[in-house]
Amino acid sequence: MNMTPAVSPEHTLFKRNLFDYVLRLGDSPLILSQRLCEWCGHAPELEIDLALANIGLDLLGQARHFLSYAATLNGMEVEEGSEKEIDEDSLAFGRDEREFRNLLLVEQPNGGFNDTLVRQFFIDAYHVLLHQALGQSRDSQLAAISNKSLKEVEYHLRFSRGWMIRLGDGTEQSHDKIQQSVNQLWRFTGELFHCDEVEQQLAEAGIAVDPRTLYEPWQETIKETFAQATLEIPQETPYRQGGKQGLHTEHLGYILAEMQFLQRAYPDCNW
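Residues numbered from 1 in each chain as written. Predicted model: local features only at pLDDT ≥ 70, side-chain atom pairs only at ≥ 80, totals over all residues. Heavy atoms only, no water.

Caption draft 1: Representation of the pattern of salt bridges within the structure. For the structure shown, the criterion picks out 10 salt bridges. Where E199 meets R24, a salt bridge forms, and the shortest distance between an N and an O atom there is 3.6 Å. Taken together, the positions of E199 in helix α7 (residues 197-204) and R24 in helix α1 (residues 9-37) put the pair 175 residues apart, joining distant regions of the chain. As far as burial versus exposure is concerned, E199 and R24 are alike and both buried. R95 serves as the salt-bridge partner of D27, at 2.6 Å between the closest nitrogen and oxygen. In this pair, D27 sits in helix α1 while R95 sits in the loop between α3 (88-93) and α4 (113-134), placing the two residues 68 residues apart along the sequence. For the residue pair D27 and R95, the accessibility class agrees, reading buried in each case. Members of the salt-bridge network, linked through shared partners, are D20, R24, R101, D196, E199 and K244. (Salt bridge = Lys/Arg side-chain N within 4 Å of Asp/Glu carboxyl O. Helix = DSSP H or I, 4+ residues; strand = E, 2+ residues; numbered from the N terminus. Buried < 20%, exposed > 50% of the residue type's maximum accessible area, 1.4 Å probe, protein only.)

Quick look at the structure:
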């Protein structure tokens, strides 16, 4: 007699949604850390070079915590009739582009320092609010990771906000460059606050953060900073979204080609 307890479809869906949500939390800092570390040795000055590298390492650490948790949630992966154990490394280096759940904003090219700075400021302001709220999650693991990450992202925001004000309210050239980057990247900010069924179900259970609740305080941070930086919020533009569902811009493929090359070329290599 089979004594295995029946698992309801609702329970299975909930577990899959939680796994998907934790991937979202891990993939965005993972991809952004890869972007920031591209600046190593190329930043405008040594102080910025070191700061961007350290921020990238902070984000990589956060990504590792979330992806390790995602691996434990997924347990054993069934692939072509056989069981294959997954861990944080296989999630980072073994998934294809459509399996990543990162925000579109973080995969955008570095461009000049102005582009990197604006991208960082937008996501830093979001991360502070996200981790403040997620620190109250009923999921103790998510709460612990977010509470640990909060001090880091608060520093990230101080860094990016300070440079936004310094360059926005600086010379005419620096002001124009920052405003140009704001205008270019603004269309990717709408996705930060888009709530789909995955987040809604988990938010109702007290586990996830409903991103819509972060919009107004994020806007306040943007407005206060822009006022000091003499910058303007762009007029309403068509927003881009889909990264959380695996629909990415062309830039992610190039990131993954570089990031995953070693593991793809030499699977399960050890040294």
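Next comes the rest of the account.
Caption draft 2: Inspection of the packing of helix α5 (residues 140-168) against helix α8 (residues 215-229) at higher detail. Between α5 and α8, the shortest axis-to-axis distance is 7 Å and the interhelical angle comes to 35 degrees. Between α5, through R161, M164, I165 and G168, and α8, the contact on the second element is made entirely by E224, T225, F226, Q228 and A229. For the contact of α5 with α8, the class distribution of residues is 4 nonpolar, 3 polar and 2 charged. (Axes fitted to C-alpha atoms, helices over the stretch in contact; angles between N-to-C directions. Contact = heavy atoms within 4.5 Å. Nonpolar A, V, L, I, M, F, W, Y, C, P; charged D, E, K, R; others polar.)

Caption draft 3: Focus on the nonpolar core. Judged by nonpolar contacts, the single largest core of 76 residues is most densely connected at Y21, F122, Y126, L142, M164 and W218. The greatest single-element share of this core, amounting to 12 residues, is contributed by α4. If we ignore the near neighbours within four places in the chain, the residues touching Y126 are L103, L192, F193, L214 and W218. (Core = buried A, V, L, I, M, F, W, Y, C linked by side-chain atoms within 4.5 Å.)

Caption draft 4: Summary view of the environment of W163. By the element assignment, W163 lies in helix α5. Put simply, W163 and L117 are 46 residues apart on the chain and 7.5 Å apart in space, counted from C-alpha to C-alpha. With residues near it in sequence (within four places) discarded, W163 still touches E45, I48, F113, L117 and G168.

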